Amino acid sequence: MKLVRTRQELTEIVTQWHKNGETIGLVPTMGSLHEGHLTLVRALDGKATRRIVTIFVNPIQFNNPDDFQLYPRGLEADEALLAETGLVDVLYAPDETQIYPPGFCTRITVSGLDKVLCGGDRPGHFDGVATIVTKLFMQTRADIAAFGEKDFQQLCIIRKMVTDLDLPVTILPVPTVREADNLARSSRNRRLTPAQRQQAAHLPQALISCLEALKAGQAVTPTLELCVRTLKEAGFTVHYLDLRSEKTLTPAEKADAGTRLFVAASLGDIRLIDNMPVA
Ligand code: PAF
């Protein structure tokens, strides 16, 4: 695995790969890697002949500067973890000058989808995501890119952007990787204290109970309200808990196939998100 720090070196490598008829698979990340990221890398088995993982903590997707500062970082450990898989050809870890040179002022907005769920209280977040992901698609010239379903809204937004802008890349969705107690794997989990880590398990548990009640035919609104109360009692600040269409992210009145529960809730200043499909 080669560690590449500049856009120029990356361009030379990917140009040569394309000349040789290789297929490039991309896993974009912000580092602080865990099993969820490695699952994205493995998901490209048989789908790409070359694999690039990118690590870039993207400042323009953080609407809270403290969150950006506190985001866990550790390039050496990440590099070792990726090298151990034996699956990654290039780790691209650019600094900000390689991505946002002075004067950079473009943003990509996927209108509508960016305003609901996490878009409600994280203004500009998804513009930042759409912009960096497009830049990474262009710089890596990826043919296929893997994204986790844990960030389901992000996945929907990227798919829509790829369709709308005719971007020549296939999006590969990858199911959420969970801990033994069902907590979704996330780099943010590292910031939880041991006590908060125990509390955090209530989040997937509440979603599972809520799904069971909905599948048993309970009405949507009171079931969601009960779930919010349960989460508050467990010590969470609940930002939203919604049942929505998987395609359009519009609110769903019935728990049918094609609908999904979405939640964002914080423990202290650590915001956790999760989602689960009805069927
Ligand atoms: O999901 C993430 O880690 C980030 O939002 C992404 C896609 C790498 C863009 O910075």
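Everything discussed here concerns the structure shown above.
First things first, this report covers the structure right here in the doc. These numbers come from a predicted model, not from an experiment. (Residues numbered from 1 in each chain as written. Predicted model: local features only at pLDDT ≥ 70, side-chain atom pairs only at ≥ 80, totals over all residues. Heavy atoms only, no water.)

This part is about the sheet that holds strand S8 (residues 259-267). In spatial order, the strands read S7-S8-S9; together these three strands make up an open sheet with antiparallel pairing. Looking at which strands have only one partner, the edges of the open sheet turn out to be strand S7 (237-245) and strand S9 (270-277). The average angle at which neighbouring strand axes cross in this sheet is 10°, direction not considered. Across eight bridges, S7 lies against S8 in antiparallel orientation. Across the sheet, residue Arg244 finds its bridge partner in S8, namely Arg260. In the packing of helix H11 (residues 220-233) onto the sheet, contacts are made with S7 and S8, and the angle to S7 comes to roughly 150°. (Pairing = 2+ DSSP bridges. Helix = DSSP H or I, 4+ residues; strand = E, 2+ residues; numbered from the N terminus. Axes fitted to C-alpha atoms, helices over the stretch in contact; angles between N-to-C directions. Contact = heavy atoms within 4.5 Å.)

This part takes up the nonpolar core. The biggest cluster of nonpolar side chains holds 42 residues, and the ones touching the most others in it are Ile52, Phe137 and Ile171. Broken down by secondary-structure element, the contributors of at least two residues to this core are helix H1 (7-19), strand S2 (24-29), strand S4 (90-92), helix H7 (125-140), strand S5 (144-148), helix H8 (152-164) and S8. Other than its neighbours up to four places away in sequence, Ile52 contacts Leu10, Val14, Trp17, Ile24, Gly25, Leu26, Val27, Val90, Tyr92 and Thr140. With 27 residues, the next largest nonpolar core counts Leu214, Leu231, Leu261 and Leu272 among its residues. (Core = buried A, V, L, I, M, F, W, Y, C linked by side-chain atoms within 4.5 Å. Buried < 20%, exposed > 50% of the residue type's maximum accessible area, 1.4 Å probe, protein only.)

Applying the stated criterion across every chain, the model contains 17 salt bridges. A salt bridge links Asp114 to Lys115; the nearest nitrogen and oxygen atoms lie 2.8 Å apart. Two residues, Arg244 and Asp242, come together in a salt bridge whose shortest N-O distance is 2.9 Å. Taken individually, Arg244 and Asp242 each receive the classification buried, so the pair is uniform in this respect. Each of the salt bridges in this network shares a partner with another, and the network as a whole consists of Glu22, Arg50 and Asp89. (Salt bridge = Lys/Arg side-chain N within 4 Å of Asp/Glu carboxyl O.)

For the ligand, the full set of nearby residues is Pro28, Thr29, Met30, Asn58, Gln61, Ile132, Val133, Asp151 and Gln154. One of the side-chain nitrogen or oxygen atoms of Gln61 is found 2.6 Å away from an oxygen atom of the ligand. Coverage of the ligand by the protein amounts to 88% of the 290 Å² it exposes when considered alone. Those elements that place two or more of their residues in the shell around the ligand are S2 and H7. Of the residues that constitute the shell around the ligand, the class distribution is four nonpolar, four polar and one charged. (Near = heavy atom within 4 Å. Polar contact = N/O pair within 3.5 Å; in protein donor to acceptor, adjacent residues only side chain to side chain. Areas by Shrake-Rupley, 256 points an atom, 1.4 Å probe, with all protein chains shown as cover. Nonpolar A, V, L, I, M, F, W, Y, C, P; charged D, E, K, R; others polar.)

Pairing within the open sheet is parallel, and its six strands lie in the order S1-S4-S3-S2-S5-S6. Whereas interior strands pair on both sides, the edge strands pair on one side only; in this sheet they are strand S1 (2-4) and strand S6 (170-174). Averaged over neighbouring strand pairs, the angle between their axes works out to 25° when direction is ignored. Those strands touched by H7 are S2, strand S3 (50-55), S4, S5 and S6, and its axis lies near 145° from that of S2.

Secondary-structure assignment places Leu272 in strand S9. The class of Leu272 is buried, set by a relative accessible area of 4%. In contact with Leu272, not counting residues within four places along its chain, are Asn189, Ala200, Leu203, Phe236, Val263, Ala264, Ala265 and Leu267.

The next point concerns H7. Within an α-helix, residues lying three or four positions from one another point in the same direction, as the helix has 3.6 residues per turn. For H7, which comprises 16 residues, the first-to-last C-alpha distance of 22 Å matches the rise-based estimate of 22 Å (1.5 Å per residue) to within 8%. The element H7 is largely enclosed, with a buried count of 14 among its 16 residues. Two residues or fewer past H7, Arg141 is found with a positive phi of approximately 50°. (Expected span 1.5 Å × (residues − 1).)

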